[in-house]
Amino acid sequence: MLITVEGIDGSGKSTVCEALEEVYPEAVLTREPTTSWYGQAVRRSIATPDADPLAELFLYTADHADHLHRLIRPSLEAGKLVISDRYSDSRYAYQGTTLEGVLPEPMSFVRSVHEPWTREPDLTIYLDVPPAVGAARSEGANKFEHKSHLRAVRDRYETLLAAEPDRFVRVDATRSSSSVITSVERRLEEWLGT
Ligand code: ADP
Ligand code: TYD
């Protein structure tokens, strides 16, 4: 089973994933961008204010391909539960935003680049916060974290949720971290039958 955790910056993904690590010690907890050299290249790009958005899409996508090859597919084949803090939907939502005006229908384009080879998540926890909350919690730490940008990213996540309502579980992440964590744990218990 592959479970992903998605949401705008500051929605509380890392906080939730840390808690899940304790509840599911046998699971493989991972994240994108990864810690590989591909992921390091992505982080360099994030720190570069005028990075080309199309080049950035392909860096993130290269990191994803390596992540699948090196960790996700082997772990799933070994029967493990894999939980990833961000995954392909982050590309659809974020690069779907940064590529607006660069090419027509950017979100469809980014999806089409992934579709032939990615592994769709079985379930995606979507931590829902308004852009102002995400921006305040992440304190505008990188070029993607401004409120107007997060609003556009969140609109694209909404498009993804509307298109695949069965894959996504929306969690109100404006509440305290302990109640968000409890909600996520309950939903996973129900879903995994544990
Ligand atoms: P993300 O990984 O989605 O960017 P984090 O888990 O790193 O988010 O959380 C961003 C900041 O907000 C951190 O300082 C964290 O302690 C805080 N935080 C996380 N969840 C909550 C919550 N439910 N309520 C208030 N603050 C939170
Ligand atoms: P991350 O370290 O997960 O940030 P945070 O913990 O603040 O949510 O991701 C770094 C930034 O990269 C974040 O602003 C979201 C962005 N990002 C993309 O634009 N596309 C992607 O495919 C991924 C995985 C992340």
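Treat the numbers as computed from the prediction; the structure is a model and nothing was measured. (Residues numbered from 1 in each chain as written. Chains lettered and ligands numbered in written order. Predicted model: local features only at pLDDT ≥ 70, side-chain atom pairs only at ≥ 80, totals over all residues. Heavy atoms only, no water.)

### Considerations on the nonpolar core
- Formed by 38 residues in total, the largest nonpolar core has its most connected members in Ile83, Ile125, Leu127, Tyr157, Val184 and Leu188.
- Where this core is concerned, the elements lending two or more residues are strand 1 (2-6), helix 1 (13-23), helix 4 (88-98), helix 5 (106-114), strand 4 (123-128), helix 7 (147-163), strand 5 (168-172) and helix 8 (177-192).
- The greatest single-element share of this core, amounting to 5 residues, is contributed by helix 7.
- In contact with valine 184, other than residues within four places in its own chain, are Val16, Leu20, Ile125, Leu127 and Val171. (Core = buried A, V, L, I, M, F, W, Y, C linked by side-chain atoms within 4.5 Å. Buried < 20%, exposed > 50% of the residue type's maximum accessible area, 1.4 Å probe, protein only. Helix = DSSP H or I, 4+ residues; strand = E, 2+ residues; numbered from the N terminus. Contact = heavy atoms within 4.5 Å.)

### Topic: the pairing of strand 2 (residues 28-31)
- Side-chain alternation along strand 2 places Val28 and Thr30 on a buried face and Leu29 and Arg31 on a face that remains uncovered.
- Two elements, strand 2 and strand 3 (residues 82-85), share 4 bridges in a ladder whose sense is parallel. Looking across to strand 3, one finds that leucine 29 is bridged to isoleucine 83. (Pairing = 2+ DSSP bridges.)

### Things to note about the layout of surface pockets
- The computed volume of the largest pocket comes to approximately 510 Å³.
- What lines the largest pocket is a set of 30 residues, among which Asp9, Gly10, Lys13, Arg31 and Arg86 lie closest to the centre.
- For the lining of the largest pocket, the secondary-structure elements that each account for two or more residues are helix 1, helix 2 (37-46), helix 4 and helix 8.
- Class assignment of the residues belonging to the lining of the largest pocket gives a composition of 10 nonpolar, 10 polar and 10 charged. (1 Å grid on protein atoms, 1.4 Å probe; cavity = no way out; pocket = protein on both sides within 12 Å on 5 of 7 lines; lining within 4 Å. Points joined across faces, edges and corners; volume = space filled by probe spheres on them. Nonpolar A, V, L, I, M, F, W, Y, C, P; charged D, E, K, R; others polar.)

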